[in-house]
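Fold and contact review
Chain residues, written in single-letter form:
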Amino acid sequence: MWLLYLPLVIPALAGATARPLATRLEPRHATWLLTSAAVALAACSMAALALLAAYAAAKAPFLAAAGGYSQEVMRRGDPISAAAGAAAALALTGGAVAVAVMFRNRARALAESYRRAAGLQPEDGIVVVPGPAIEAYALPGLPGRIVVSGRLLDCLDDRRRAALIAHEQAHLASRHHLFSAVARLAAAANPLLIPVARAVDYTVERWADEHAASVTSDRRLVAQTIGQVALLAGTRRERVAGMALGIIGPRAPRVSLAWAGPVPRRVAALLTAPPRRQTILLAACTVIVLMAGVAALLAARDLHALLELAQGTR
Amino acid sequence: MGGEGPRQAPGVERRAAGALEAEILAILREADGPLSPGEVRQRLTPRPPADEGPQGELSYSTVVTIVSRLHAKGLLARQRAGRGFTYTPLDDASLAASRMAQVLLGSENDHDAVLSRFVSGLSSRDARLLRQLLAGDTGAAGADPRPAGEQG
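Summary of the structure given here. (Residues numbered from 1 in each chain as written. Chains lettered and ligands numbered in written order. Predicted model: local features only at pLDDT ≥ 70, side-chain atom pairs only at ≥ 80, totals over all residues. Heavy atoms only, no water.)

1. Description of the overall build of chain A
Looking only at helices and strands, chain A has 13 helices and 3 strands in total. The proportion of buried residues among the 314 residues of chain A is 48%. Taking the intrachain contacts of chain A between residues at least 6 apart in sequence as the baseline, contacts between residues at least 24 apart amount to 75%. Just so you have it, chain A exposes about 15,300 Å², and 64% of that area is on carbon and sulfur atoms. (Helix = DSSP H or I, 4+ residues; strand = E, 2+ residues; numbered from the N terminus. Buried < 20%, exposed > 50% of the residue type's maximum accessible area, 1.4 Å probe, protein only. Contact = heavy atoms within 4.5 Å. Areas by Shrake-Rupley, 256 points an atom, 1.4 Å probe, with all protein chains shown as cover.)

Next up, the structure:
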(Lines give C-alpha, C1' and ligand atoms only; values in the text may rest on other atoms or scores of the structure.)
Protein backbone atom coordinates (compact mmCIF):
# COMPACT_ATOMS: atom_id res chain seq x y z
CA MET A 1 0.00 0.00 0.00
CA TRP A 2 3.05 2.26 -0.12
CA LEU A 3 1.81 3.27 -3.58
CA LEU A 4 -0.89 5.34 -1.96
CA TYR A 5 1.64 7.38 -0.04
CA LEU A 6 3.84 8.08 -3.06
CA PRO A 7 1.57 10.86 -4.39
CA LEU A 8 1.84 12.41 -0.94
CA VAL A 9 5.64 12.15 -0.74
CA ILE A 10 6.46 13.46 -4.22
CA PRO A 11 4.93 16.92 -3.55
CA ALA A 12 7.29 17.24 -0.57
CA LEU A 13 10.16 16.40 -2.92
CA ALA A 14 8.87 18.99 -5.40
CA GLY A 15 8.68 21.57 -2.65
CA ALA A 16 12.26 20.91 -1.67
CA THR A 17 13.65 21.04 -5.21
CA ALA A 18 11.54 23.90 -6.62
CA ARG A 19 13.97 26.68 -5.78
CA PRO A 20 17.11 25.08 -7.22
CA LEU A 21 15.13 24.06 -10.31
CA ALA A 22 13.86 27.62 -10.74
CA THR A 23 17.45 28.84 -10.62
CA ARG A 24 18.89 26.27 -13.01
CA LEU A 25 16.28 25.82 -15.71
CA GLU A 26 15.62 28.19 -18.57
CA PRO A 27 12.82 30.45 -17.19
CA ARG A 28 10.11 29.61 -19.66
CA HIS A 29 10.68 25.86 -19.35
CA ALA A 30 10.90 26.22 -15.58
CA THR A 31 7.57 28.07 -15.48
CA TRP A 32 5.78 25.47 -17.56
CA LEU A 33 7.36 22.55 -15.72
CA LEU A 34 6.74 23.89 -12.21
CA THR A 35 3.19 25.03 -12.94
CA SER A 36 2.12 21.81 -14.60
CA ALA A 37 3.92 19.75 -11.95
CA ALA A 38 2.10 21.69 -9.23
CA VAL A 39 -1.27 21.00 -10.84
CA ALA A 40 -0.53 17.33 -11.51
CA LEU A 41 0.83 16.74 -8.00
CA ALA A 42 -2.04 18.59 -6.35
CA ALA A 43 -4.49 16.44 -8.33
CA CYS A 44 -2.61 13.24 -7.48
CA SER A 45 -2.38 14.02 -3.80
CA MET A 46 -6.08 14.89 -3.67
CA ALA A 47 -6.83 11.60 -5.41
CA ALA A 48 -4.60 9.71 -2.98
CA LEU A 49 -6.34 11.33 -0.01
CA ALA A 50 -9.71 10.43 -1.51
CA LEU A 51 -8.58 6.81 -1.93
CA LEU A 52 -7.27 6.62 1.63
CA ALA A 53 -10.56 7.93 2.89
CA ALA A 54 -12.43 5.51 0.64
CA TYR A 55 -10.43 2.50 1.89
CA ALA A 56 -11.17 3.42 5.46
CA ALA A 57 -14.84 4.09 4.74
CA ALA A 58 -15.23 0.80 2.93
CA LYS A 59 -14.86 -0.98 6.26
CA ALA A 60 -17.94 0.65 7.66
CA PRO A 61 -20.71 -1.96 8.02
CA PHE A 62 -23.52 0.09 6.56
CA LEU A 63 -21.49 0.84 3.42
CA ALA A 64 -20.65 -2.84 3.04
CA ALA A 65 -24.34 -3.65 3.22
CA ALA A 66 -25.28 -0.93 0.77
CA GLY A 67 -22.50 -1.82 -1.68
CA GLY A 68 -23.19 -5.54 -1.41
CA TYR A 69 -19.62 -6.59 -0.60
CA SER A 70 -18.04 -8.66 2.13
CA GLN A 71 -16.97 -6.58 5.04
CA GLU A 72 -14.74 -9.43 6.20
CA VAL A 73 -12.67 -9.44 2.99
CA MET A 74 -12.33 -5.70 3.14
CA ARG A 75 -11.08 -5.87 6.68
CA ARG A 76 -8.45 -8.42 5.78
CA GLY A 77 -7.36 -6.86 2.50
CA ASP A 78 -7.45 -3.26 3.59
CA PRO A 79 -4.31 -1.94 5.26
CA ILE A 80 -5.59 1.55 5.98
CA SER A 81 -6.48 2.31 9.58
CA ALA A 82 -9.64 4.23 10.38
CA ALA A 83 -7.55 7.02 11.90
CA ALA A 84 -5.50 7.42 8.70
CA GLY A 85 -8.70 7.42 6.69
CA ALA A 86 -10.28 10.09 8.89
CA ALA A 87 -7.14 12.23 8.70
CA ALA A 88 -7.14 11.88 4.91
CA ALA A 89 -10.79 12.88 4.71
CA LEU A 90 -10.07 15.92 6.87
CA ALA A 91 -7.08 16.96 4.75
CA LEU A 92 -9.12 16.45 1.59
CA THR A 93 -11.93 18.67 2.88
CA GLY A 94 -9.48 21.33 4.04
CA GLY A 95 -7.74 21.35 0.69
CA ALA A 96 -11.01 21.59 -1.23
CA VAL A 97 -12.20 24.52 0.92
CA ALA A 98 -8.83 26.29 0.53
CA VAL A 99 -8.95 25.87 -3.24
CA ALA A 100 -12.50 27.22 -3.38
CA VAL A 101 -11.63 30.28 -1.28
CA MET A 102 -8.45 30.98 -3.23
CA PHE A 103 -10.28 30.56 -6.53
CA ARG A 104 -12.98 33.01 -5.50
CA ASN A 105 -10.47 35.61 -4.29
CA ARG A 106 -8.29 35.37 -7.37
CA ALA A 107 -11.26 35.50 -9.72
CA ARG A 108 -12.52 38.63 -7.96
CA ALA A 109 -9.09 40.25 -8.02
CA LEU A 110 -8.72 39.45 -11.70
CA ALA A 111 -12.17 40.84 -12.52
CA GLU A 112 -11.27 44.01 -10.62
CA SER A 113 -7.99 44.21 -12.50
CA TYR A 114 -9.76 43.86 -15.86
CA ARG A 115 -12.23 46.57 -14.85
CA ARG A 116 -9.49 48.96 -13.83
CA ALA A 117 -7.35 48.19 -16.87
CA ALA A 118 -10.32 49.05 -19.11
CA GLY A 119 -10.67 52.41 -17.36
CA LEU A 120 -7.03 53.43 -17.82
CA GLN A 121 -5.94 55.36 -20.88
CA PRO A 122 -2.34 54.66 -21.84
CA GLU A 123 -0.04 57.17 -23.51
CA ASP A 124 2.60 55.50 -25.67
CA GLY A 125 1.50 52.13 -24.33
CA ILE A 126 1.92 52.93 -20.66
CA VAL A 127 -0.21 54.52 -17.97
CA VAL A 128 1.71 57.08 -15.95
CA VAL A 129 0.35 57.49 -12.46
CA PRO A 130 1.27 60.76 -10.82
CA GLY A 131 2.51 60.73 -7.29
CA PRO A 132 5.61 60.10 -5.25
CA ALA A 133 5.57 56.28 -5.39
CA ILE A 134 8.30 54.23 -7.06
CA GLU A 135 6.11 51.67 -8.76
CA ALA A 136 5.85 49.74 -11.98
CA TYR A 137 3.55 46.85 -12.68
CA ALA A 138 1.54 45.06 -15.32
CA LEU A 139 -2.20 45.09 -14.76
CA PRO A 140 -3.87 42.11 -16.47
CA GLY A 141 -6.84 42.98 -18.67
CA LEU A 142 -8.22 43.05 -22.18
CA PRO A 143 -5.88 44.57 -23.12
CA GLY A 144 -3.63 44.64 -20.08
CA ARG A 145 -1.95 47.86 -19.04
CA ILE A 146 1.53 48.78 -17.93
CA VAL A 147 1.35 51.21 -15.03
CA VAL A 148 4.41 53.21 -14.05
CA SER A 149 4.64 55.99 -11.52
CA GLY A 150 5.77 59.33 -12.89
CA ARG A 151 8.52 59.65 -10.36
CA LEU A 152 10.06 56.34 -11.36
CA LEU A 153 9.86 57.27 -15.04
CA ASP A 154 11.69 60.51 -14.30
CA CYS A 155 14.49 58.56 -12.65
CA LEU A 156 15.17 56.29 -15.64
CA ASP A 157 16.93 57.11 -18.86
CA ASP A 158 15.43 56.05 -22.19
CA ARG A 159 17.22 52.71 -22.41
CA ARG A 160 16.22 51.67 -18.91
CA ARG A 161 12.65 52.74 -19.58
CA ALA A 162 12.69 50.48 -22.63
CA ALA A 163 14.00 47.60 -20.50
CA LEU A 164 11.31 48.12 -17.86
CA ILE A 165 8.52 48.32 -20.42
CA ALA A 166 9.76 45.24 -22.30
CA HIS A 167 9.74 43.33 -19.00
CA GLU A 168 6.16 44.31 -18.19
CA GLN A 169 5.03 43.65 -21.76
CA ALA A 170 6.33 40.10 -21.45
CA HIS A 171 4.15 39.62 -18.35
CA LEU A 172 1.05 40.77 -20.22
CA ALA A 173 1.76 39.02 -23.52
CA SER A 174 2.54 35.64 -21.94
CA ARG A 175 -0.21 35.93 -19.30
CA HIS A 176 2.15 35.29 -16.43
CA HIS A 177 -0.51 36.06 -13.85
CA LEU A 178 -2.32 32.89 -14.89
CA PHE A 179 0.74 30.73 -14.22
CA SER A 180 1.09 32.19 -10.73
CA ALA A 181 -2.63 31.88 -10.04
CA VAL A 182 -2.75 28.23 -11.13
CA ALA A 183 0.34 27.38 -9.07
CA ARG A 184 -1.19 29.12 -6.03
CA LEU A 185 -4.40 27.12 -6.44
CA ALA A 186 -2.36 23.91 -6.49
CA ALA A 187 -0.54 25.07 -3.36
CA ALA A 188 -3.87 25.77 -1.69
CA ALA A 189 -4.87 22.15 -2.34
CA ASN A 190 -1.59 20.87 -0.96
CA PRO A 191 0.51 23.20 1.23
CA LEU A 192 3.62 21.11 0.51
CA LEU A 193 3.52 22.78 -2.91
CA ILE A 194 3.81 26.33 -1.55
CA PRO A 195 7.55 26.50 -2.41
CA VAL A 196 6.64 25.46 -5.97
CA ALA A 197 4.17 28.35 -6.26
CA ARG A 198 6.82 30.75 -4.95
CA ALA A 199 9.28 29.36 -7.48
CA VAL A 200 6.75 30.04 -10.26
CA ASP A 201 6.45 33.65 -9.10
CA TYR A 202 10.22 33.83 -9.48
CA THR A 203 10.46 32.09 -12.86
CA VAL A 204 7.85 34.36 -14.47
CA GLU A 205 9.95 37.35 -13.38
CA ARG A 206 13.02 35.67 -14.87
CA TRP A 207 11.05 34.93 -18.04
CA ALA A 208 10.16 38.61 -18.36
CA ASP A 209 13.75 39.61 -17.54
CA GLU A 210 15.10 37.37 -20.30
CA HIS A 211 12.52 38.78 -22.69
CA ALA A 212 13.62 42.32 -21.83
CA ALA A 213 17.23 41.24 -22.29
CA SER A 214 16.51 39.92 -25.77
CA VAL A 215 14.46 42.99 -26.76
CA THR A 216 17.16 45.41 -25.62
CA SER A 217 19.93 42.89 -26.49
CA ASP A 218 21.69 43.95 -23.30
CA ARG A 219 21.52 41.68 -20.27
CA ARG A 220 23.58 44.07 -18.18
CA LEU A 221 21.20 46.93 -18.93
CA VAL A 222 18.26 44.91 -17.63
CA ALA A 223 20.21 43.92 -14.52
CA GLN A 224 21.11 47.51 -13.81
CA THR A 225 17.56 48.68 -14.37
CA ILE A 226 16.21 46.13 -11.89
CA GLY A 227 18.89 47.11 -9.40
CA GLN A 228 18.24 50.81 -9.77
CA VAL A 229 14.47 50.49 -9.43
CA ALA A 230 14.73 48.13 -6.47
CA LEU A 231 17.11 50.41 -4.61
CA LEU A 232 14.96 53.44 -5.42
CA ALA A 233 11.90 51.64 -4.12
CA GLY A 234 13.80 51.05 -0.91
CA THR A 235 13.76 48.28 1.61
CA ARG A 236 10.55 46.90 3.00
CA ARG A 237 9.73 46.91 6.65
CA GLU A 238 11.25 43.84 8.17
CA ARG A 239 10.29 41.67 11.04
CA VAL A 240 12.88 42.11 13.71
CA ALA A 241 12.41 38.72 15.30
CA GLY A 242 15.58 37.37 13.73
CA MET A 243 17.60 40.32 14.96
CA ALA A 244 16.22 40.09 18.45
CA LEU A 245 17.34 36.49 18.58
CA GLY A 246 20.74 37.50 17.31
CA ILE A 247 20.45 35.25 14.28
CA ILE A 248 20.77 38.03 11.76
CA GLY A 249 23.07 40.68 13.05
CA PRO A 250 22.70 44.10 11.49
CA ARG A 251 26.20 43.70 10.09
CA ALA A 252 26.45 40.19 8.72
CA PRO A 253 29.96 39.86 7.29
CA ARG A 254 29.12 37.77 4.25
CA VAL A 255 26.15 37.79 1.94
CA SER A 256 25.31 34.91 -0.30
CA LEU A 257 22.68 34.28 -2.93
CA ALA A 258 21.63 31.08 -1.21
CA TRP A 259 19.09 32.82 1.03
CA ALA A 260 18.60 35.96 -1.02
CA GLY A 261 15.24 37.33 -2.11
CA PRO A 262 14.15 37.34 -5.77
CA VAL A 263 15.62 40.69 -6.81
CA PRO A 264 19.33 39.96 -6.17
CA ARG A 265 18.90 36.51 -7.69
CA ARG A 266 17.38 37.99 -10.84
CA VAL A 267 20.20 40.51 -11.12
CA ALA A 268 22.84 37.83 -10.55
CA ALA A 269 21.22 35.63 -13.22
CA LEU A 270 21.30 38.48 -15.73
CA LEU A 271 24.94 39.21 -14.98
CA THR A 272 25.90 35.65 -15.95
CA ALA A 273 25.54 33.84 -19.25
CA PRO A 274 22.02 33.28 -20.60
CA PRO A 275 20.43 30.04 -19.40
CA ARG A 276 20.60 26.97 -21.61
CA ARG A 277 17.88 24.43 -22.12
CA GLN A 278 18.41 21.39 -19.92
CA THR A 279 16.57 18.57 -21.61
CA ILE A 280 17.71 15.79 -19.29
CA LEU A 281 16.75 17.65 -16.14
CA LEU A 282 13.35 18.52 -17.62
CA ALA A 283 12.76 14.91 -18.61
CA ALA A 284 13.79 13.63 -15.17
CA CYS A 285 11.36 15.99 -13.44
CA THR A 286 8.56 14.99 -15.79
CA VAL A 287 9.18 11.30 -15.06
CA ILE A 288 8.99 11.89 -11.30
CA VAL A 289 5.71 13.77 -11.63
CA LEU A 290 4.32 11.01 -13.84
CA MET A 291 5.29 8.47 -11.18
CA ALA A 292 2.92 10.19 -8.78
CA GLY A 293 0.15 9.89 -11.34
CA VAL A 294 0.86 6.24 -12.05
CA ALA A 295 0.97 5.47 -8.33
CA ALA A 296 -2.41 7.10 -7.79
CA LEU A 297 -3.88 5.15 -10.71
CA LEU A 298 -2.45 1.84 -9.48
CA ALA A 299 -3.79 2.49 -6.00
CA ALA A 300 -7.23 3.20 -7.43
CA ARG A 301 -7.07 -0.02 -9.43
CA ASP A 302 -6.10 -1.96 -6.30
CA LEU A 303 -9.07 -0.60 -4.41
CA HIS A 304 -11.36 -1.50 -7.28
CA ALA A 305 -9.93 -5.03 -7.42
CA LEU A 306 -10.32 -5.43 -3.68
CA LEU A 307 -13.94 -4.28 -3.81
CA GLU A 308 -14.68 -6.72 -6.65
CA LEU A 309 -13.08 -9.54 -4.66
CA ALA A 310 -15.16 -8.60 -1.64
CA GLN A 311 -18.31 -8.58 -3.73
CA GLY A 312 -17.47 -12.00 -5.18
CA THR A 313 -16.87 -13.52 -1.73
CA ARG A 314 -20.09 -12.42 -0.24
CA MET B 1 18.34 78.97 -2.44
CA GLY B 2 19.40 82.04 -0.43
CA GLY B 3 22.77 83.07 -1.81
CA GLU B 4 22.55 82.29 -5.51
CA GLY B 5 24.65 85.17 -6.71
CA PRO B 6 24.76 88.88 -6.31
CA ARG B 7 23.45 89.73 -9.80
CA GLN B 8 20.09 88.07 -9.30
CA ALA B 9 17.15 90.41 -9.62
CA PRO B 10 15.38 90.57 -6.29
CA GLY B 11 11.83 89.38 -6.06
CA VAL B 12 11.96 86.93 -8.96
CA GLU B 13 13.92 83.90 -7.83
CA ARG B 14 13.06 84.65 -4.27
CA ARG B 15 9.37 84.14 -4.70
CA ALA B 16 8.38 81.37 -2.39
CA ALA B 17 8.17 77.95 -4.01
CA GLY B 18 4.55 77.57 -2.94
CA ALA B 19 3.57 80.81 -4.63
CA LEU B 20 5.35 79.76 -7.81
CA GLU B 21 3.58 76.42 -7.82
CA ALA B 22 0.24 78.17 -7.45
CA GLU B 23 1.10 80.61 -10.23
CA ILE B 24 2.18 77.86 -12.62
CA LEU B 25 -0.89 75.82 -11.82
CA ALA B 26 -3.06 78.87 -12.57
CA ILE B 27 -1.29 79.42 -15.90
CA LEU B 28 -1.87 75.81 -16.90
CA ARG B 29 -5.52 75.99 -15.89
CA GLU B 30 -6.05 79.10 -18.04
CA ALA B 31 -4.23 77.63 -21.03
CA ASP B 32 -6.23 76.10 -23.89
CA GLY B 33 -4.09 73.01 -24.18
CA PRO B 34 -1.01 71.31 -22.79
CA LEU B 35 2.02 73.52 -22.27
CA SER B 36 5.70 72.71 -22.32
CA PRO B 37 7.88 74.08 -19.50
CA GLY B 38 9.25 76.62 -22.00
CA GLU B 39 5.77 77.91 -22.77
CA VAL B 40 4.96 78.07 -19.09
CA ARG B 41 8.10 80.11 -18.56
CA GLN B 42 7.13 82.57 -21.32
CA ARG B 43 3.74 83.15 -19.77
CA LEU B 44 5.09 83.25 -16.28
CA THR B 45 7.36 86.23 -16.48
CA PRO B 46 6.08 89.29 -18.22
CA ARG B 47 8.17 91.23 -15.73
CA PRO B 48 9.05 94.89 -15.46
CA PRO B 49 11.90 95.95 -17.81
CA ALA B 50 14.36 95.93 -14.98
CA ASP B 51 13.96 92.18 -14.72
CA GLU B 52 14.72 91.36 -18.35
CA GLY B 53 17.70 89.34 -19.38
CA PRO B 54 18.88 85.87 -18.46
CA GLN B 55 19.45 86.71 -14.85
CA GLY B 56 16.08 88.36 -14.35
CA GLU B 57 13.84 85.49 -15.43
CA LEU B 58 13.19 82.18 -13.83
CA SER B 59 15.54 79.67 -15.33
CA TYR B 60 14.14 76.96 -17.55
CA SER B 61 15.35 74.28 -15.16
CA THR B 62 13.51 75.94 -12.27
CA VAL B 63 10.25 75.74 -14.22
CA VAL B 64 10.96 72.11 -15.11
CA THR B 65 11.60 71.36 -11.44
CA ILE B 66 8.34 72.96 -10.37
CA VAL B 67 6.13 71.30 -12.99
CA SER B 68 7.79 67.94 -12.19
CA ARG B 69 7.02 68.50 -8.54
CA LEU B 70 3.40 69.33 -9.36
CA HIS B 71 3.25 66.20 -11.48
CA ALA B 72 4.70 64.13 -8.66
CA LYS B 73 2.09 65.58 -6.33
CA GLY B 74 -0.60 64.32 -8.69
CA LEU B 75 -1.86 67.75 -9.71
CA LEU B 76 -0.67 67.69 -13.32
CA ALA B 77 -0.91 65.12 -16.08
CA ARG B 78 1.83 65.04 -18.62
CA GLN B 79 2.27 63.82 -22.16
CA ARG B 80 5.44 63.07 -24.02
CA ALA B 81 6.15 65.63 -26.71
CA GLY B 82 9.35 65.07 -28.64
CA ARG B 83 12.19 64.88 -26.17
CA GLY B 84 10.34 66.47 -23.27
CA PHE B 85 6.87 66.61 -21.82
CA THR B 86 3.88 68.89 -21.98
CA TYR B 87 1.65 69.35 -18.95
CA THR B 88 -2.06 69.77 -18.34
CA PRO B 89 -3.81 70.27 -15.03
CA LEU B 90 -5.92 67.34 -13.90
CA ASP B 91 -9.62 68.08 -13.59
CA ASP B 92 -11.58 66.71 -10.68
CA ALA B 93 -12.56 63.51 -12.50
CA SER B 94 -8.98 62.75 -13.46
CA LEU B 95 -7.84 63.51 -9.94
CA ALA B 96 -10.35 60.99 -8.67
CA ALA B 97 -9.14 58.44 -11.23
CA SER B 98 -5.54 59.00 -10.28
CA ARG B 99 -6.42 58.51 -6.64
CA MET B 100 -8.09 55.23 -7.62
CA ALA B 101 -4.89 54.15 -9.27
CA GLN B 102 -3.04 55.23 -6.15
CA VAL B 103 -5.27 53.03 -4.05
CA LEU B 104 -4.37 50.18 -6.33
CA LEU B 105 -0.70 51.02 -6.04
CA GLY B 106 -0.76 50.82 -2.30
CA SER B 107 -2.97 47.80 -1.73
CA GLU B 108 -1.53 44.74 -0.09
CA ASN B 109 -4.37 42.26 -0.44
CA ASP B 110 -5.53 39.89 -3.13
CA HIS B 111 -5.72 42.64 -5.71
CA ASP B 112 -2.01 42.79 -5.35
CA ALA B 113 -1.71 39.14 -6.30
CA VAL B 114 -2.70 39.64 -9.92
CA LEU B 115 -0.29 42.51 -10.47
CA SER B 116 3.12 41.71 -11.87
CA ARG B 117 5.39 44.14 -10.05
CA PHE B 118 8.70 45.05 -11.65
CA VAL B 119 10.52 44.60 -8.34
CA SER B 120 9.38 43.09 -5.08
CA GLY B 121 10.43 44.44 -1.73
CA LEU B 122 14.05 44.20 -0.68
CA SER B 123 15.20 43.15 2.72
CA SER B 124 18.20 45.08 3.97
CA ARG B 125 20.34 42.01 3.29
CA ASP B 126 19.01 41.91 -0.25
CA ALA B 127 19.80 45.59 -0.68
CA ARG B 128 23.36 45.06 0.46
CA LEU B 129 23.78 42.06 -1.80
CA LEU B 130 22.31 43.98 -4.71
CA ARG B 131 24.75 46.85 -4.24
CA GLN B 132 27.60 44.36 -4.20
CA LEU B 133 26.36 42.69 -7.37
CA LEU B 134 26.03 45.99 -9.22
CA ALA B 135 29.32 47.33 -7.90
CA GLY B 136 31.08 44.13 -8.93
CA ASP B 137 29.51 44.45 -12.35
CA THR B 138 30.74 47.96 -13.08
CA GLY B 139 34.06 47.49 -11.25
CA ALA B 140 35.26 44.26 -12.78
CA ALA B 141 33.84 45.11 -16.25
CA GLY B 142 32.75 41.56 -16.89
CA ALA B 143 36.04 39.94 -15.98
CA ASP B 144 34.32 37.74 -13.43
CA PRO B 145 30.58 37.37 -13.88
CA ARG B 146 30.17 35.89 -10.44
CA PRO B 147 28.77 38.23 -7.81
CA ALA B 148 31.39 39.87 -5.67
CA GLY B 149 29.87 38.81 -2.38
CA GLU B 150 29.68 35.14 -3.13
CA GLN B 151 32.73 33.41 -1.85
CA GLY B 152 31.55 29.87 -1.61
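2. Describing the sheet that holds strand β3 (residues 145–149) of chain A
Strand-to-strand pairing in sheets goes through backbone hydrogen bonds, with the strands running parallel or antiparallel. Pairing is mixed across the open sheet formed by 4 strands, whose spatial order is β1(A)-β3(A)-β2(A)-β3(B). Every other strand in the sheet has two partners, leaving β1 (126–129) of chain A together with β3 (116–117) of chain B as the edge strands with one partner each. Both β1(A) and β3(A) contribute to a ladder of 4 bridges, which runs parallel. Looking at β3(A), one finds that A:Ile126 is bridged to A:Ile146. (Pairing = 2+ DSSP bridges.)

3. Some remarks on empty space enclosed by the protein
Under the criterion given, the structure shown has 2 cavities of 30 Å³ or more. Reported here for the second largest cavity is a volume of approximately 30 Å³. In terms of lining residues, the second largest cavity is bounded by A:Ala138, A:Pro140, A:His171, A:Leu172, A:His176, A:His177, B:Val114 and B:Ser116. (1 Å grid on protein atoms, 1.4 Å probe; cavity = no way out; pocket = protein on both sides within 12 Å on 5 of 7 lines; lining within 4 Å. Points joined across faces, edges and corners; volume = space filled by probe spheres on them.)

4. With respect to a nonpolar patch on the surface
Residue and element names in this part refer to chain A. Taken together, the side chains of Leu-13, Val-287, Ile-288 and Met-291 present a nonpolar region at the surface, about 320 Å² in accessible area. Among the elements that take part in the nonpolar patch, helix α13 (residues 279–313) stands out by supplying 3 residues, more than any other. Within the secondary structure, Ile-288 is located in helix α13. (Patch = residues over 30% accessible without salt bridge, like charges linked within 9 Å, V, L, I, M, F, W, Y side chains within 5 Å. Salt bridge = Lys/Arg side-chain N within 4 Å of Asp/Glu carboxyl O.)

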